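The chain contents come next:
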Amino acid sequence: MAEVKIAAESRTEFGKGAARRIRRDSKVPGVLYGHGSDPLHLTLPGHELLLALRTPNVLISLDIDGKTNELAIPKSVQRDPIKGYLEHVDLLLVKRGEKVTVEIPVHTEGELAPGGYLLEHVLNALPVEAEATHIPQAVTVSVEGLEAGASVLAKDITLPSGVTLAVEEDTVVLQVLAAQAEEAPEGEAAEGDEAAEA
């Protein structure tokens, strides 16, 4: 997994007014925490952070005030619900070789058996434990030829070396459903008959 280097500044101003001023400068307020240390309030460059967050569980190498370097992974990202810009980010401090629990996206490949079946993603992301510097970007599961009633459990998914499940092995991740034929809602035909009789 690639590391993304981002220059950050520690900040001493807090509150909504300070956060607005930071965002006006195309920057994002954030907090770095973990390992029992006091939370460190940061200002991060908006565009660079946005690009970095396109990669799930990206490993960020923070250069803080040009003095200290810390490794972190995004833990919580708040976006504006309408415009989509970043409002705030929580970063979790990690060390090389340390294991962390994260959720990785589940991708599928292959075609279901013929017959109009539907694939339901019970879990869109799989909770796993991995080294902070070796978090897989995603896992891919083959659904080739699966029919209604078939399901893929967490234990059925092949994980990269050094990555372990952080959920019960029997957790359903994907299941195949029979497509439901659409029927006219009950009562419509009866109402029409009543109108004809009147």
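Residues numbered from 1 in each chain as written. Predicted model: local features only at pLDDT ≥ 70, side-chain atom pairs only at ≥ 80, totals over all residues. Heavy atoms only, no water.

Caption draft 1: Seen up close, the overall build of the protein chain. Check the secondary structure of the protein chain and you find 3 helices and 13 strands. When burial is assessed residue by residue, the protein chain has 34% of its 198 residues classed as buried. Taking contacts inside the protein chain between residues at least 6 apart in sequence as the whole, the part at least 24 apart equals 63%. (Helix = DSSP H or I, 4+ residues; strand = E, 2+ residues; numbered from the N terminus. Buried < 20%, exposed > 50% of the residue type's maximum accessible area, 1.4 Å probe, protein only. Contact = heavy atoms within 4.5 Å.)

Caption draft 2: Looking closely at the nonpolar core. Among the nonpolar cores identified, the biggest contains 26 residues, and Ile 73, Leu 126 and Ile 157 are the most heavily contacted of them. Within the residue set of this core, elements represented by two or more residues are strand S5 (68–79), strand S6 (86–94), strand S7 (99–109), strand S9 (125–131), strand S10 (139–142) and strand S13 (172–178). It is S7 that contributes the most residues to this core, 4 residues altogether. Those residues in contact with Ile 73, other than ones at most four positions away along the chain, are Asn 57, Val 58, Leu 59, Asp 90, Leu 91, Leu 92, Val 94, Val 100, Val 102 and Ile 135. Ala 52, Ile 60, Leu 91 and Leu 93 belong to the second-largest nonpolar core, a separate cluster that totals 18 residues. (Core = buried A, V, L, I, M, F, W, Y, C linked by side-chain atoms within 4.5 Å.)

Caption draft 3: Local environment of the side chain of Thr 133. Looking at the element boundaries, Thr 133 is found in the loop between S9 and S10. Given the relative accessible area of 11%, Thr 133 is considered buried. A polar contact of 3.2 Å, which involves the side chain of Thr 133, links it to the side chain of His 134. (Polar contact = N/O pair within 3.5 Å; in protein donor to acceptor, adjacent residues only side chain to side chain.)

Caption draft 4: Layout of the pattern of salt bridges. Under the defined criterion, the tally for this structure stands at 2 salt bridges. Lys 27 is the salt-bridge partner of Glu 9, the closest N and O atoms lying 3.3 Å from each other. Pair noted here: Glu 9 is in strand S1 (residues 3–10) and Lys 27 is in strand S2 (residues 27–34), with a separation of 18 residues, a long-range link. Take Glu 9: its relative accessible area is 39%, and that puts it in the partly exposed class. Overall, Lys 27 belongs to the partly exposed group, its relative accessible area being 28%. For Asp 170, the salt bridge goes to Lys 155, with nearest N and O atoms at 3.3 Å. Here Lys 155 lies in the loop between strand S11 (151–153) and strand S12 (164–165) and Asp 170 lies in the loop between S12 and S13, a separation of 15 residues in the sequence. Look at Lys 155 and you get partly exposed, because its relative accessible area is 46%. (Salt bridge = Lys/Arg side-chain N within 4 Å of Asp/Glu carboxyl O.)

Caption draft 5: Seen up close, the sheet that holds strand S4 (residues 59–64). Taken together, 6 strands build a closed barrel; the order of strands is S1-S3-S2-S6-S5-S4 and the barrel is mixed. Strand-to-strand twist across the sheet, computed as the mean angle between neighbouring axes with direction ignored, equals 45 degrees. (Pairing = 2+ DSSP bridges. Axes fitted to C-alpha atoms, helices over the stretch in contact; angles between N-to-C directions.)

Caption draft 6: Geometry of the environment of Leu 53. Along the chain, Leu 53 falls in the loop between helix H2 (46–52) and S4. By relative accessible area, Leu 53 is classed as buried at 14%. With 21 residues separating them in the primary sequence, Leu 53 and Pro 74 have C-alpha atoms 7.8 Å apart.

Caption draft 7: Here's a closer look at the environment of Glu 168. By the secondary structure assignment, Glu 168 is in the loop between S12 and S13. The spatial distance from the C-alpha of Glu 168 to the C-alpha of Lys 155 is 8.2 Å, given a sequence separation of 13 residues.

Caption draft 8: Unusual backbone geometry, seen in detail. The phi dihedral of Asp 65 falls on the positive side, at around 55 degrees, and the residue is not glycine. Summarising the element assignment, Asp 65 is placed in the loop between S4 and S5. Take Asp 65: its relative accessible area is 35%, and that puts it in the partly exposed class.

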